[in-house]
Amino acid sequence: GQQLNQSPQSMFIQEGEDVSMNCTSSSIFNTWLWYKQEPGEGPVLLIALYKAGELTSNGRLTAQFGITRKDSFLNISASIPSDVGIYFCAGQLLAGNQFYFGTGTSLTVIP
Amino acid sequence: DVKVTQSSRYLVKRTGEKVFLECVQDMDHENMFWYRQDPGLGLRLIYFSYDVKMKEKGDIPEGYSVSREKKERFSLILESASTNQTSMYLCASRPVKTRRETQYFGPGTRLLVL
């Protein structure tokens with residue numbers, strides 16, 4: 001299957017700091033999704049992106065669909081302890097096809 | 001709100017047992033998926049179903065089968081459980097009749113095979 005490279009693998013940050021993570025692919029994607037997964041739970045959809053260059057916010061979270069359509073970025077501003085979890089990207093080559101997932105970025109926020 | 005539920009949060013089974021993992025979604029979604037999640041490997045697709053009684057193999061179908069007799073329910077079956085099937089299993093569903101693609105997950109079933 002498709003490989004999505006997600007970085008960084010893990011982050012340890014102070015409460016209040018901003019966070020950036022990204023996902024890259026060797027293929028052009030039609031759709032990008034960003035999920036958060038807390039320990040012992042399933043992934044929860046945070047943001048969906050459908051168009052190259054699109055910038056979408058959900059509270060303190062902002063995600064962008066890269067212009068090349070081979071990457072996507074997620075930013076979290078002013079992090080708080082409840083932001084802790086694993087963040088996944090997912091990409092879809094064509095509408096109706098399966099999604100491929102990154103290996104996740106584990107975020108730890110130190111109060 | 002979309003709701004995807006899985007029958008068990010935790011399961012402990014013995015090698016050789018037949019295991020059923022059930023998933024139900026309440027939003028009339030056509031597509032349903034089973035993934036397994038392992039540290040360092042991310043989510044890997046086992047099987048998916050486009051609609052009732054339809055199924056397609058994903059990237060790692062070996063050792064698994066599925067059943068979709070009703071639209072809302074998608075079952076994953078381990079015919080003879082093995083220790084390498086110890087994992088977190090995630091079910092997901094996706095609407096088709098929408099211009100915007102999304103996918104929603106259940107809470108997961110953590111399976112331990114002894």
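As shown above, the structure is provided for reference.
Residues numbered from 1 in each chain as written. Chains lettered and ligands numbered in written order. Predicted model: local features only at pLDDT ≥ 70, side-chain atom pairs only at ≥ 80, totals over all residues. Heavy atoms only, no water.

As for the layout of surface pockets
Here the largest pocket is characterised by a volume of approximately 480 Å³. Along the walls of the largest pocket sit 26 residues, with Gln37(A), Ile86(A), Phe88(A), Gln37(B) and Pro39(B) positioned nearest its centre. No other element matches the four residues that strand 11 (residues 105-110) of chain A contributes to the lining of the largest pocket. The computed volume of the second largest pocket comes to approximately 300 Å³. Mapped onto the lining of the second largest pocket, the elements with two or more residues apiece are strand 10 (99-101) of chain A together with strand 5 (42-49) of chain B. (1 Å grid on protein atoms, 1.4 Å probe; cavity = no way out; pocket = protein on both sides within 12 Å on 5 of 7 lines; lining within 4 Å. Points joined across faces, edges and corners; volume = space filled by probe spheres on them. Helix = DSSP H or I, 4+ residues; strand = E, 2+ residues; numbered from the N terminus.)

Digging into the nonpolar core
Among the nonpolar cores identified, the biggest contains 22 residues, and Trp32(A), Trp34(A), Leu74(A) and Leu107(A) are the most heavily contacted of them. Listing elements by their share of this core, those giving two or more residues are strand 2 (10-14), strand 3 (19-25), strand 4 (31-37), strand 5 (44-49), strand 7 (61-65), strand 8 (71-76), strand 9 (85-92) and strand 11 of chain A. Here Leu74(A) is in contact with Val19(A), Ser20(A), Met21(A), Trp34(A), Ile47(A), Leu61(A), Thr62(A), Ala63(A) and Tyr87(A), once residues within four sequence places are set aside. Core analysis: the second largest hydrophobic core is formed by 20 residues, Val19(B), Cys23(B), Val66(B) and Phe74(B) among them. (Core = buried A, V, L, I, M, F, W, Y, C linked by side-chain atoms within 4.5 Å. Buried < 20%, exposed > 50% of the residue type's maximum accessible area, 1.4 Å probe, protein only. Contact = heavy atoms within 4.5 Å.)

Digging into the sheet that holds strand 1 (residues 4-6) of chain B
Residue and element names in this part refer to chain B. Ordered by their spatial adjacency, four strands build an open sheet running 1-3-8-7, and the pairing between neighbours is antiparallel. In this open sheet, the two edge strands, each paired with only one partner strand, are strand 1 and strand 7 (65-70). Put simply, the sheet's adjacent strands are angled 20° from each other on average, direction ignored. Strand direction decides the pairing type here: strand 7 and strand 8 (residues 73-78), joined by four bridges, are antiparallel. Paired with Val 66 across the bridge in strand 8 is Leu 76. (Pairing = 2+ DSSP bridges. Axes fitted to C-alpha atoms, helices over the stretch in contact; angles between N-to-C directions.)

Quick notes on the environment of Ser106(A)
All names here are of chain A. Mapped onto the elements of the fold, Ser 106 is located in strand 11. What makes Ser 106 partly exposed here is its relative accessible area of 28%. The spatial distance from the C-alpha of Ser 106 to the C-alpha of Pro 8 is 8.3 Å, given a sequence separation of 98 residues.

Section: the pattern of salt bridges
All names here are of chain B. Counted according to the given criterion, the structure contains 10 salt bridges over all chains. The salt bridge partner of Asp 38 is Arg 36, with a shortest N-O separation of 2.9 Å. For Arg 36, a relative accessible area of 8% gives the class buried. For Lys 53, the salt bridge goes to Glu 69, with nearest N and O atoms at 2.5 Å. Linking Lys 53 in the loop between strand 5 and strand 6 (56-57) with Glu 69 in strand 7, this pair joins segments that are 16 residues apart in sequence. (Salt bridge = Lys/Arg side-chain N within 4 Å of Asp/Glu carboxyl O.)

A word on the side chain of Lys36(A)
Residues and elements named next belong to chain A. As for its position among the elements, Lys 36 is in strand 4. Of note is the side chain of Lys 36, whose polar atom sits 3.2 Å from the side chain of Glu 38. In this structure the side chain of Lys 36 is engaged in a polar contact, spanning 2.6 Å, whose partner is the backbone oxygen of Ser 82. (Polar contact = N/O pair within 3.5 Å; in protein donor to acceptor, adjacent residues only side chain to side chain.)

The values reported here are purely geometric and, on their own, carry no functional implication.
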